[in-house]
Amino acid sequence: MKTPVTLLTDFDDFYVAAMRGVVVSHGVPVYDIYHEVPPQNVRAAAFILRNVAPYFPDGTVHCVVVDPGVGTERRSLVVEAGEQYLVGPDNGVLVPAARELDDDPTFYDAPYDDPESHTFHGRDVFAPQAARVATEGIRSVAGAPVEPIELDVGAPAFDGEARAEVVYVDRFGNAVTNLDGDEVVRRVGYGGEVVVDGRILPFERTYAAVDRGETLALVGSHGGFEIAAREASGADALGVSAGDEITVETKEG
Amino acid sequence: MKTPVTLLTDFDDFYVAAMRGVVVSHGVPVYDIYHEVPPQNVRAAAFILRNVAPYFPDGTVHCVVVDPGVGTERRSLVVEAGEQYLVGPDNGVLVPAARELDDDPTFYDAPYDDPESHTFHGRDVFAPQAARVATEGIRSVAGAPVEPIELDVGAPAFDGEARAEVVYVDRFGNAVTNLDGDEVVRRVGYGGEVVVDGRILPFERTYAAVDRGETLALVGSHGGFEIAAREASGADALGVSAGDEITVETKEG
Amino acid sequence: MKTPVTLLTDFDDFYVAAMRGVVVSHGVPVYDIYHEVPPQNVRAAAFILRNVAPYFPDGTVHCVVVDPGVGTERRSLVVEAGEQYLVGPDNGVLVPAARELDDDPTFYDAPYDDPESHTFHGRDVFAPQAARVATEGIRSVAGAPVEPIELDVGAPAFDGEARAEVVYVDRFGNAVTNLDGDEVVRRVGYGGEVVVDGRILPFERTYAAVDRGETLALVGSHGGFEIAAREASGADALGVSAGDEITVETKEG
């Protein structure tokens, strides 16, 4: 099986299908990462890509279109990161995944001709570039090495307290933060307690450690400190949304 | 083309993509069954898998993650059913599909090492197991044969009356029940009438047999007795939701 | 890689998966176009297919199931259009795409035996036909050439004014019309202004030409005249929904 192209967008509409068609037309299989990224939310898309990309095989080309700057002069980038490739706009969305995949990823400008559409670079610029990387290699698309626009979705230090950002609230209501869960494990230990926005919560290995409906803190599936509730919404329990900051303290704090 | 792995979850979020990555990393094509199963609704997922699995080819490995018990001691199962394979938690979700595919399916314990995450067994346990079944065969994953936790989503007898369960309400508002449609056909016949929760409804071959907006009973696409309305919601007309019981009687009843 | 079958439906539910299984069982890869077409909205589905199909490779078989007439005597059609194939009900849904792909497409009756289900022709009629076209060629399914039921989703002339139809509102709130954008470009020119329902709007190349929240007109990604707003909803700004007519005039008009 050929290595695939993946698609990650905020389209949540039939527009994705034209990108699939472009990739398939190059004889390359295409898989979805996610298309319901909150509209124009570059930080959420960057977080998702960083968490998901490592599970794809060598040679995969991830094509990301969360692009508030479409139609402006912003560059297209192609990135070599570990054994994978990333294609998308130069707005930071590719950066956290690139650094997760590779200590020293290389970012290249990916110049493009004036596309058919001024508003749909996903179909007319990024998908064709991703398909070419998959079929002809990165040199077919890469221009000069460049410094990308930076974006950092984590991870604050935890020395007994930290301000963390809720970077994502999933459909279960889990409030995923950018705080590294391992640091909390070291300081607090499973079975201990943390204080989140002034509220004492059990810090457990898994949802099943608390009763139904009870709120807890844990290390989420992506290694981040997370507020959850068993068969309920941790985000609702704390009244937080993506983008909010929360304080996390050890109980003695 | 290699036989595929399918994914059925209640994730409805980007988490599915990491499972896709795991499967694709084994060189196996992956297809979605559905990811918007109502959260933690094992019965709905079991119903969906039973109805959809028979349409997939021999060798398919269905990977199901609707798993309220994640993080507890519940087992992982791998099932040989007809010429297909099922992988998922031992909570009953695989059972109706297994018995639909095979009169005598074999359930095996599928032991796993402590996974990377305590909360995301879909990515860290079930997807890797499904991919191994697809590439190395069931022996690579199967431990001892076991008796699974049972779950039965159908089908009550109909001797002129029955209590049926609404197991699923689809996006069109069709209220799909666990009552075998064939029995109603034999007793009532198309063009006749049935009494559902005390309300007389025409029993027809197809939606188009009634006027727009009118409520009817029919045999749904999965062979189940179903309450529908032409270009409207049968579930709303009867005021029923998934999990509700309804009485179904012949008109004389 | 084999040429794929694509699926376009209004199912928005697990039913799509049975169609995937049918296609995969024929050894043919299957890709989604879109499954959240507004229920029974044949015009929206026709618009989507016309816009997306050209981006798929030669040999692709597009299988469309938006089918208010399921269970009636309506025909199934198979269409040869350019180097692609279309399969679906004879209700007009295939016509705009067929004419987009080919100046002179050929429509054939695609007779079918009484299917397993009276309500799920997507699984029992159209998906099997599409898979056979993909594997055995169009002759395996095509009966007599026929005149299809017509459906026209565009495109009114623009001689300085026009009545246009909003054929689709996407998740960003862009109101996509059936008016050919090129004609507006010729008459008005980028940087000019148009009057839409009596309201003066800038006519620009891209969203980024206006301030955040500001409403504008532009040529959408499918070549249609479109009302949008930068990081906001153009449809809300004008108070229009799919199916509404709007007047478009040059400013002098």
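Reading the values: rules and limits
- Residues numbered from 1 in each chain as written.
- Chains lettered and ligands numbered in written order.
- Predicted model: local features only at pLDDT ≥ 70, side-chain atom pairs only at ≥ 80, totals over all residues.
- Heavy atoms only, no water.
- Least-squares fit on C-alpha atoms with pLDDT ≥ 70 in both.
- Core = buried A, V, L, I, M, F, W, Y, C linked by side-chain atoms within 4.5 Å.
- Buried < 20%, exposed > 50% of the residue type's maximum accessible area, 1.4 Å probe, protein only.
- Contact = heavy atoms within 4.5 Å.
- Domains from an automatic or database assignment.
- Buried area = accessible area lost by both parts, 1.4 Å probe.
- Salt bridge = Lys/Arg side-chain N within 4 Å of Asp/Glu carboxyl O.
- Polar contact = N/O pair within 3.5 Å; in protein donor to acceptor, adjacent residues only side chain to side chain.
- Phe/Tyr/Trp six-rings, centres within 6.5 Å; stacked < 30°, edge-to-face > 60°.
- Helix = DSSP H or I, 4+ residues; strand = E, 2+ residues; numbered from the N terminus.
- Lys NZ or Arg CZ within 6 Å of the ring centre and 35° of its normal.
- Pairing = 2+ DSSP bridges.
- Right-handed = clockwise from strand over helix to strand, strands pointing away.

Considering the relation of the copies chain B and chain A
Item 1. Mapping chain B onto chain A calls for a screw motion: a turn of 120° about the axis and a shift of 0.0 Å along it, with 0.0 Å RMSD after fitting. What we have between these two chains is a three-fold relation.

Section: the nonpolar core
Item 1. Core analysis: the largest hydrophobic core is formed by 66 residues, its most contacted members being Val78 of chain A together with Leu8, Ile48 and Leu49 of chain C.
Item 2. Those residues in contact with Leu49 of chain C that lie beyond four places of it in its chain are Leu8, Ile33, Pro54, His62, Val64, Leu86, Val93, Leu94 and Ala97 of chain C.

Comments concerning the domain arrangement of chain A
Many authors give the size of an interface as the accessible area that is lost as the parts come together.
Residues and elements named next belong to chain A.
Item 1. As assigned here, chain A comprises domain 1 (5-140) and domain 2 (161-250).
Item 2. Placing the centre of domain 1 and that of domain 2 at their C-alpha centroids yields a distance of 31 Å.
Item 3. Taken together, the contact pairs six residues of domain 1 with five residues of domain 2.
Item 4. For the pair domain 1 and domain 2, the two sides together bury roughly 600 Å², of which 60% comes from carbon and sulfur.
Item 5. By the criterion of area lost to domain 2, the three top residues of domain 1 are Arg43, Phe47 and Asn51, representing 68% of everything that side buries.
Item 6. The tally of links between domain 1 and domain 2 comes to one salt bridge.
Item 7. The closest approach of N and O atoms between Glu165 and Arg43, which form a salt bridge, is 2.4 Å.
Item 8. For the pair domain 1 and domain 2, the number of links is one residue pair in polar contact (both at pLDDT 80 or more).

Quick look at the packing of aromatic side chains
Item 1. Applying the stated criterion to the full structure yields 30 aromatic pairs over all chains.
Item 2. Plain terms: the ring middles of Tyr15 of chain A and Phe120 of chain A are 5.8 Å apart, the flat faces sit at 65° to each other, and that makes the pair edge-to-face. Placement of the pair is Tyr15 of chain A in helix α1 (residues 15-25) and Phe120 of chain A in the loop between β6 (106-109) and α4 (121-136), with a sequence separation of 105 residues.
Item 3. Accessibility expressed as a relative area gives 5% for Phe120 of chain A, which makes it buried.
Item 4. One aromatic cluster in this structure is built from Phe11, Phe14, Tyr15 and Phe120 of chain A together with Tyr34, Phe47 and Tyr168 of chain C.
Item 5. In this structure, Arg171 of chain B is placed above the aromatic ring of Phe172 of chain B, and the distance from its NZ or CZ to the ring centre is 5.8 Å.

Some thoughts on the pairing of strand β2 (residues 30-34) of chain B
All names here are of chain B.
Item 1. Within β2, five of the five residues are buried, leaving the element largely enclosed by the surrounding structure.
Item 2. Across four bridges, strand β1 (residues 5-9) lies against β2 in parallel orientation. Of the residues in β2, the one forming a bridge with Leu8 is Tyr34.
Item 3. In this view, the connection linking β1 to its parallel neighbour β2 by way of helix α1 (residues 15-25) has right-handed handedness.

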